[in-house]
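# What the coordinates show
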Amino acid sequence: MSERSDPPGEPPPVAHVAQNARVWNYWLGGKDYYDVDQQVGDRITTMYPSIREVARADRAFLGRAVRYLAGEAGIRQFLDIGTGLPTADNTHQVAQRTAPTARIVYVDNDPTVLTHARALLVGSPEGVTDYIAADVHQPRAILDAAEDTLDFTRPVAVILLGVLNFVADTDEAEQIVRTLMSAVPSGSFLALTHPTLELGGEANVEAMEFWNENATPPITARARTQVARFFRGLELLEPGIVSCARWRPGYAAEDEMSVAQFGAVARKP
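Cut-offs used in this document
Residues numbered from 1 in each chain as written. Predicted model: local features only at pLDDT ≥ 70, side-chain atom pairs only at ≥ 80, totals over all residues. Heavy atoms only, no water. Helix = DSSP H or I, 4+ residues; strand = E, 2+ residues; numbered from the N terminus. Buried < 20%, exposed > 50% of the residue type's maximum accessible area, 1.4 Å probe, protein only. Contact = heavy atoms within 4.5 Å. Areas by Shrake-Rupley, 256 points an atom, 1.4 Å probe, with all protein chains shown as cover. Lys, Arg positive; Asp, Glu negative; His and termini not counted. Charge placed at Lys NZ, Arg CZ, Asp CG, Glu CD. Core = buried A, V, L, I, M, F, W, Y, C linked by side-chain atoms within 4.5 Å. Salt bridge = Lys/Arg side-chain N within 4 Å of Asp/Glu carboxyl O. Axes fitted to C-alpha atoms, helices over the stretch in contact; angles between N-to-C directions. Left-handed = near helix turned anticlockwise from the far one by under 90°. Nonpolar A, V, L, I, M, F, W, Y, C, P; charged D, E, K, R; others polar. pLDDT = per-residue confidence, 0-100. Pairing = 2+ DSSP bridges. Right-handed = clockwise from strand over helix to strand, strands pointing away. Phe/Tyr/Trp six-rings, centres within 6.5 Å; stacked < 30°, edge-to-face > 60°.

## Quick word on the overall build of the chain
The helix and strand inventory of the chain stands at nine helices and 10 strands. Taking the principal axes of its C-alpha atoms as reference, the chain extends roughly 45 × 45 × 35 Å. Counting only residues that meet the buried cut, the chain has 54% of its 269 residues in that class. In the chain, once contacts between residues fewer than 6 apart in sequence are set aside, the share between residues at least 24 apart is 74%. Of the roughly 11400 Å² of accessible surface on the chain, 51% is carried by carbon and sulfur atoms. Averaging the locations of the 24 positively and 35 negatively charged side chains of the chain gives two centres separated by 5 Å.

See below:
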């Protein structure tokens, strides 16, 4: 087996099929993956060499977005859906560095993530971190469970990084966002990333087809116009819907390589 940090005595839940959270962890340089995840990850990389840059840019976007939200925007509650496997600078770590009292709820339905969730629950003494095993396709259930930790009468940052691409139907994906954002008050935020075949991602077509035939869950890329639907009724922050690598990188955007992954943050008026 590949190097990994298995829970002692617990076999992988689906070791013969590559799974998104584990492959993503492999691309990010983690250890929580199996041979099949490495094999699929390497094959995807051969077809689409910039996929590792996409993974790193998506993770960096999370850090910048959460720092902004916990800092300048003053947000103290975060609902991070599609958490993935713990790595460095998880949402609670970034948020609680700026705001030690921040409350974070992580949501994921991957059993591998669940076995490692304890690593997500070690936050600041002043703050709170919690984990919910739930599916993005059931936003109402997520909200009901999150009420144990979050106060939905106060602003919440809803984080959906690389998650809606696992909802095949765009209308359904939009309705999921509407349900989530309808439950939070004015002054709340939505932070979102999504893969695309634009921004130089045209070469990713073959890789996505291979993924959908050999890994789970299946993935759907979307155009900017489709991603824009998720922000209806919200106020997009500058610079709008851009490559996630170019969302407020802290220096001249043209100096940062674009990746085929949209990123944006918006405020609920």
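That shown, we press on.
## Quick notes on the nonpolar core
Counting residues in each nonpolar core, the largest one holds 54 residues, and the members touching the most others are I44, L69, F78 and V265. For this core, the secondary structure elements donating two or more residues are helix 1 (20-27), helix 2 (35-47), helix 3 (51-70), helix 4 (91-98), strand 3 (103-108), strand 5 (157-161), strand 6 (189-195) and helix 8 (205-214). In terms of nonpolar packing, the next biggest core, distinct from the first, is built from 34 residues, I81, V136, V163 and I176 among them.

## What to know about the pattern of salt bridges
As a working rule, side chains carrying opposite charge can pair if their charged atoms are close by. Summed over the entire model, instances satisfying the criterion amount to nine salt bridges. Between D144 and R140 there is a salt bridge; the shortest N-O distance is 3.4 Å. In this pair, D144 and R140 are both assigned in helix 6 (residues 139-146), four residues apart and thus about one turn of the helix distant. Under the relative-accessibility criterion, D144 is labelled partly exposed at 41%. The exposure class of R140 is partly exposed, given its relative accessible area of 43%. The partner of D171 in a salt bridge is R229, and the shortest N-O contact between them spans 2.5 Å. Residue D171 is located in helix 7 (residues 170-182), and its partner R229 is located in the loop between helix 9 (224-228) and strand 8 (235-236); the two are separated by 58 residues in the primary sequence. Judged by its relative accessible area of 49%, D171 falls in the partly exposed class.

## Section: the packing of helix 1 against helix 2
Think of two packed helices as two axes; the pair is described by the angle between the axes and how far apart they sit. Packing of helix 1 against helix 2 brings their axes to within 9 Å, and their N-to-C directions diverge by 65°. Relative to helix 2, the crossing made by helix 1 is right-handed. Each of R22, V23, Y26 and W27 in helix 1 lies in contact with helix 2, whose residues at this interface are V36, D37, Q38, G41, D42, I44 and T45. In terms of residue class, the contact of helix 1 with helix 2 is built from five nonpolar, three polar and three charged.

## Some details on the confidence of the model for the chain
Looking at the chain as a whole, its pLDDT mean stands at 88, while 91% of the residues score no less than 70. Note that pLDDT drops below 50 for residues 1-14; the model gives that stretch 24 contacts with residues more than four away or on any other chain.

## Points about the pairing of strand 3
Of all six residues in strand 3, five are buried, a share of seventy percent or more. Alignment of strand 2 (residues 77-81) against strand 3, held across five bridges, turns out to be parallel. In the strand pairing of strand 3, L79 is matched with V105. You can see the chain leave strand 2, run along helix 4 and come back into strand 3, and the turn it takes is right-handed. Pairing between strand 3 and strand 4 (residues 128-133): six bridges, direction parallel.

## Section: the environment of T115
With respect to the element layout, T115 can be found in helix 5 (residues 111-115). The partly exposed category is assigned to T115, whose relative accessible area is 25%. Along the sequence, T115 and L85 sit 30 residues apart, while their C-alpha atoms lie 9.4 Å from each other.

## Let's talk about the packing of aromatic side chains
A full pass over the atoms with the stated rule returns four aromatic pairs. Residues W24 and W27 carry aromatic rings whose centres are separated by 6.0 Å and whose planes lie at 70° to one another, so their mutual orientation is edge-to-face. Taken together, the positions of W24 and W27, both in helix 1 and three residues apart, correspond to about one turn of that helix. With relative accessibility at 22%, the residue W24 sits in the partly exposed group. Taking the relative accessible area as the measure of exposure, W27 reaches 4% and is therefore buried.

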